[in-house]
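Each chain, letter by letter, is given below.
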Amino acid sequence: MRLLIMGAPGAGKGTQAKLIANHYRIPAISTGAIFRANIAAKTPLGQRVHQLISAGEFVPDVITTAVVAKRLLEDDAHNGWLLDGYPRTTDQVEALDIILEDAKRHLDCVLCLETDPETLIDRLVKRAEIEGRADDNETTIRRRMEVYTEETAPLLATYEERGLLVRVNGEGTVDEVAGRIFAALDKYSA
Ligand code: AMP
């Protein structure tokens, strides 16, 4: 199974991505997590992206796509994967199309976690307290929301037109949301 998980910042993508990955035995690949690991390890990539991420801005498409293309070639991604946080721009959608075409693979579905915009900022502020992410301060959170609305939310229409979009209610407990997701995804996992 090859799928994307989409939704606004704070919608719970990372948490659900891990549960989906366990359930269907596929790797959950988060571009944000890859960048954070590189920042923590002070790699050249980490040093390049650190400031942009701290400001809530996107990392340039060429860098992000290179990271994803390389990661998808690793052994554990051979039989399927879940991408969390990629694609986020129309150019990234096109880049992923090319990666998939080259590999003669296709996306099974694009999961969208739908959440009440009012609760998102609260969730992110709480996460900032727990995880201490450098990009979880209020100014950056607001910027990430703006960038999401401008650049990423329109991609949902693209995947909807392709008949790939599966909308799931992201409100409720982690288990409730996971239950809805598994119910929606089971038909793709055969
Ligand atoms: P996330 O953990 O998915 O919220 O990502 C954290 C940050 O990493 C984002 O706010 C961006 O700065 C950067 N990032 C992650 N994925 C992408 C992407 N696909 N395109 C551009 N920037 C990204």
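Read on for a plain summary of the structure. Quick caveat, the model's predicted, so the values are computed rather than measured. The written sequence of each chain sets the order in which its residues are numbered from 1. Whole-chain, interface and lining totals are the exception, using all residues; otherwise, since this is a predicted model, local features are given only for residues with pLDDT of at least 70 and side-chain atom pairs are given and counted only at 80 or more. Side-chain numbers come from the whole structure's heavy atoms, not from hydrogens or water.

**Observations regarding the site of the ligand**
Proximity criterion: a residue is near a molecule or strand once any of its heavy atoms comes within 4 Å of it. Close contacts around the ligand come from 16 residues, with Thr 31, Arg 36, Glu 57, Gly 85 and Arg 88 the closest. Contacts described as polar in this section are N or O atom pairs within 3.5 Å, which, within protein, must combine one atom able to donate a hydrogen with one able to accept it, while residues neighboring in sequence count only if both atoms come from side chains. Taking Arg 36, its side chain carries an N or O atom lying 2.9 Å from an oxygen atom of the ligand. In the environment of the ligand, an oxygen atom lies 2.7 Å from a nitrogen or oxygen atom belonging to the backbone of Glu 57. Considering the ligand on its own, with 470 Å² of exposed area, one finds that the protein chains cover 95% of that surface. Put simply, DSSP marks the helices as runs of H or I at least four residues long and the strands as runs of E at least two long, and each gets a number from the N terminus on. The leading source of residues in the shell around the ligand is helix α2 (residues 31–40), at four residues. When residue character is reported, Ala, Val, Leu, Ile, Met, Phe, Trp, Tyr, Cys and Pro are called nonpolar, Asp, Glu, Lys and Arg charged, and the others, Gly included, polar. Along the lines of polarity and charge, the residues of the shell around the ligand split into five nonpolar, five polar and six charged. Using a 1.4 Å probe, the Shrake-Rupley method yields the accessible areas, and only the shown protein chains count as cover for residues.

**As for the pattern of salt bridges**
We define a salt bridge as a side-chain nitrogen of Lys or Arg found within 4 Å of a carboxyl oxygen belonging to Asp or Glu. On inspection of all chains with the given rule, the structure shows eight salt bridges. Residue Asp 76 is joined to Arg 71 by a salt bridge in which the shortest nitrogen-to-oxygen separation is 2.8 Å. Through salt bridges that share partners, Glu 57, Arg 143 and Glu 146 make up one connected network.

By themselves, these observations are geometric and do not establish any function.
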